[in-house]
Amino acid sequence: MPLLERPIRNIGFACVLSDGSLSTNHTFRLANATPEKLAETAHQNLDDLERILFLMAQGPLRLFRLGGSTVPLASHEKLSFDWRPLVAGRLRDIGDRYSRLGFRFSNHPGQYTVLNASNPDILRRALGELDYAVDLLDLMGLDHQHKVVVHGGAIYGDREAATQRLIAELKGLPERVKRRLVLENDERLFNLEQILPVSEETGIPVVFDLHHHQINPGTESLVPMLERLRRVWDCVPKVHLSSQKPNARTGAHDDLLHEPDMRTMCEILPFETDMMVEAKGKEVAAMQAWQWLDQNDKLVRQRAPGATAMVL
């Protein structure tokens, strides 16, 4: 296998600054929802988004995950007015300006976005959440490399039936949603070994999360699965990285990345990728990762991909 250039192309973080001073997740109660209140709060989020992106543009970070409440309550089925005209012009301006600077955006709807739900009410709300997430990126004028990430969903005591429901729902989604959607391996119900066949059957790519894989690895060898994963992507893939917080519940994210996790991610990747840092330290952790790559540039350029896959 040929050696790669530096495998991690771009790095970023999610939603807010680490000190909480800027956030894309300001919201309000549904009972207070009026066009004026929604516009006021959404533009507060967009003000903070622009400040975050301006700060990022002064340095190397180029990935950013929009908060689920960037336009608060926009996906709620009881919202009685169209939110899109209230923010469309501003979103397009931000998207145009920062996509030209090489930024890549994403959305990650919450844990209640269950696409294989057996309850039709849960499924309807999940589809509404996806529609909103895609609308946000569409209104920003962004192309298909800007993605919406979801997990595989629930099991309900029958993995095969749940998997088949997931496949059926994914195949039935509108093309505008399928073009942006990516799946993610999780730490409990759908590991990479289990979500990858869903990806291959539906054409929906997978974001690889190393921390989740360390918790829920399955039995198949990792690097061959990553090579299969790459074939489904039609643009530069994305991966997620965080580190286990010591003395906390399994799966809890630490404030910063641990060096062995950075090293492992670089050693296993058989392709170029963008990396979302999911550590609690947000931009501080993302800059730590970037600096580690710079300090270890020779290491990450001269390793053979997959050489140490047995450590997982």
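Since we're looking at a predicted model, the values are computed, not measured. (Residues numbered from 1 in each chain as written. Predicted model: local features only at pLDDT ≥ 70, side-chain atom pairs only at ≥ 80, totals over all residues. Heavy atoms only, no water.)

1. Let's talk about the layout of surface pockets
Rolled over the atoms, a probe with the dimensions of a water molecule shows which regions are left empty.
Okay, step 1: The calculated volume of the largest pocket comes to roughly 1600 Å³.
Okay, step 2: Around the largest pocket, the lining is made up of 49 residues, and of these His 108, Pro 109, Gly 110, Gln 111 and Tyr 112 lie nearest the centre.
Okay, step 3: Looking at the lining of the largest pocket, the elements with two or more residues in it are α3 (120–139) and β4 (147–151).
Okay, step 4: Per element, the largest residue contribution to the lining of the largest pocket is 7 residues, and it comes from α3. (1 Å grid on protein atoms, 1.4 Å probe; cavity = no way out; pocket = protein on both sides within 12 Å on 5 of 7 lines; lining within 4 Å. Points joined across faces, edges and corners; volume = space filled by probe spheres on them. Helix = DSSP H or I, 4+ residues; strand = E, 2+ residues; numbered from the N terminus.)

2. Examining the sheet that holds β4
Okay, step 1: Here we have 8 strands rolled up into a closed barrel, ordered β1-β2-β3-β4-β5-β6-β7-β8, and parallel in their pairing. Here the strands of the sheet are splayed against their neighbours by 30 degrees on average, with no regard to which way each runs.
Okay, step 2: As paired strands, strand β6 (residues 206–209) and strand β7 (residues 238–241) are joined by 2 bridges and run parallel to one another. Counterpart to Asp 209 in the pairing with β7 is His 240.
Okay, step 3: Sitting on the sheet, α3 touches β3 (104–107), β4 and β5 (181–184), and the angle it makes with β4 is about 160 degrees. (Pairing = 2+ DSSP bridges. Axes fitted to C-alpha atoms, helices over the stretch in contact; angles between N-to-C directions. Contact = heavy atoms within 4.5 Å.)

3. Describing the environment of Leu 189
Okay, step 1: You can see Leu 189 is positioned in the loop between β5 and α6 (192–202).
Okay, step 2: The spatial distance from the C-alpha of Leu 189 to the C-alpha of Phe 271 is 26 Å, given a sequence separation of 82 residues.
Okay, step 3: Non-local contacts of Leu 189, meaning those with residues more than four positions away in its chain, are made with Gly 153, Ala 154, Ile 155, Arg 159, Gln 194 and Asn 216.

4. A closer look at the packing of helix α4 (residues 159–172) against α6
Okay, step 1: Contact pair α4 / α6: the axes reach a minimum separation of 10 Å and the direction vectors enclose 35 degrees. The element α4 and its partner α6 pack so that their crossing is right-handed. Side by side, α4 and α6 meet where Arg 159, Thr 163, Leu 166, Ile 167, Leu 170 and Lys 171 of the first sit next to Gln 194, Ile 195, Val 198, Glu 201 and Thr 202 of the second.
Okay, step 2: For the contact of α4 with α6, the per-class residue count stands at 5 nonpolar, 3 polar and 3 charged. (Left-handed = near helix turned anticlockwise from the far one by under 90°. Nonpolar A, V, L, I, M, F, W, Y, C, P; charged D, E, K, R; others polar.)

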